[in-house]
Amino acid sequence: MTLEEAMMAARALVLHDLEATGVADADAVSLLEDAVSQRAWWLDQWPAGREFVVGLVAQDVQDGLLERAGRWPVCTTCEDATHSLYVDPDLGGPDPTWVCEEAGVVVSRIGSL
């Protein structure tokens, strides 16, 4: 997989989760584009990081949304939840998932919310 293919795959997966949770507005997509751009540079410096890039892009978007709009994605597993899901493993890969740390369960793979 080329650098460009890896970045477009990461973008598509995170965009799917933004759309599935109803937050894919212009600001969120702009955050996604910024994260993809920054991680493309990172991946160019460390090509072995391909398996980590999806989770790292998701974390970057999550961090940016927290500052601008609040928690994302909000847990769908716990009743009346107001807490966020988190990327597991912490460094974003391989095979990153959204997890509920409070319930200790995997909610979905990134790109499958």
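See the structure shown above.
Residues numbered from 1 in each chain as written. Predicted model: local features only at pLDDT ≥ 70, side-chain atom pairs only at ≥ 80, totals over all residues. Heavy atoms only, no water.

Chemist: Any chance you could break down the packing of aromatic side chains for me, citing the residues and the numbers?
Modeler: In this structure the tally under the stated criterion is three aromatic pairs. Seen from their ring centres, Trp42 and Trp46 are 5.3 Å apart, and the 70° between their planes marks the pair as edge-to-face. With a centroid separation of 5.3 Å and an interplanar angle of 80°, the aromatic rings of Trp72 and Trp98 are classed as edge-to-face. Here Trp72 is found in the loop between helix 3 (53–68) and strand 1 (86–88), whereas its partner Trp98 is found in strand 2 (residues 97–100), with 26 residues between them in sequence. (Phe/Tyr/Trp six-rings, centres within 6.5 Å; stacked < 30°, edge-to-face > 60°. Helix = DSSP H or I, 4+ residues; strand = E, 2+ residues; numbered from the N terminus.)

Chemist: Quick one: what's the story with helix 3, residue by residue and with numbers?
Modeler: End to end, helix 3 covers 23 Å across 16 residues, agreeing with the expected 22 Å (1.5 Å per residue, within 8%). Turning to helix 3, its buried residues are Val53, Val54, Gly55, Leu56, Val57, Ala58, Gln59, Val61, Gln62, Gly64 and Leu65. Contact partners of the buried residues in helix 3: helix 1 (3–20), helix 2 (26–45), strand 1 and strand 2. Positive phi shows up at Gly70, right after helix 3, with a value of about 115°. (Expected span 1.5 Å × (residues − 1). Buried < 20%, exposed > 50% of the residue type's maximum accessible area, 1.4 Å probe, protein only. Contact = heavy atoms within 4.5 Å.)

Chemist: Could you give an account of the sheet that holds strand 2, naming the residues involved and the relevant values?
Modeler: Across the sheet, which stays open at both edges, the three strands sit in the order 1-2-3 with antiparallel pairing between neighbours. Every interior strand has two partners, whereas the edge strands, strand 1 and strand 3 (105–109), have only one. Going across the sheet, the axis of each strand differs from the next one's by a mean of 45°, ignoring polarity. In the sheet, strand 2 pairs with strand 3 via four bridges, with the strands oriented antiparallel. (Pairing = 2+ DSSP bridges. Axes fitted to C-alpha atoms, helices over the stretch in contact; angles between N-to-C directions.)

Chemist: Before we move on, can you summarise helix 2 with the specific residues and values?
Modeler: In an α-helix, one turn spans 3.6 residues; hence positions three or four apart end up facing the same way. With 20 residues, helix 2 should cover 28 Å at 1.5 Å per step; its first-to-last C-alpha distance of 29 Å lies within 8% of that length. Within helix 2, burial applies to Ala28, Leu31, Leu32, Ala35, Val36, Arg39, Ala40 and Leu43. Buried residues along helix 2 sit in contact with helix 1 and helix 3. Where helix 2 starts, the residue carrying a side-chain oxygen 3.2 Å from the main-chain nitrogen of Asp27 turns out to be Asp25. (Polar contact = N/O pair within 3.5 Å; in protein donor to acceptor, adjacent residues only side chain to side chain.)

Chemist: Which residues make up the packing of helix 1 against helix 2, and what values do they have?
Modeler: A pair of packed helices can be characterised by two numbers: the angle between their axes and the separation between those axes. Interaxial distance between helix 1 and helix 2 falls to 10 Å at its minimum, and their mutual angle equals 155°. Regarding the angle of helix 1 to helix 2, the classification is roughly antiparallel. When the axes of helix 1 and helix 2 are compared, the crossing they make is right-handed. Here Leu3, Ala6, Met7, Met8, Arg11, Val14, Leu15 and Leu18 of helix 1 come into contact with helix 2, specifically with Ala28, Val29, Leu32, Glu33, Val36, Arg39, Ala40, Leu43 and Asp44. Split by residue class, the contact of helix 1 with helix 2 holds 13 nonpolar, no polar and four charged. (Parallel < 35°, antiparallel > 145°, perpendicular 65-115°, else oblique. Left-handed = near helix turned anticlockwise from the far one by under 90°. Nonpolar A, V, L, I, M, F, W, Y, C, P; charged D, E, K, R; others polar.)

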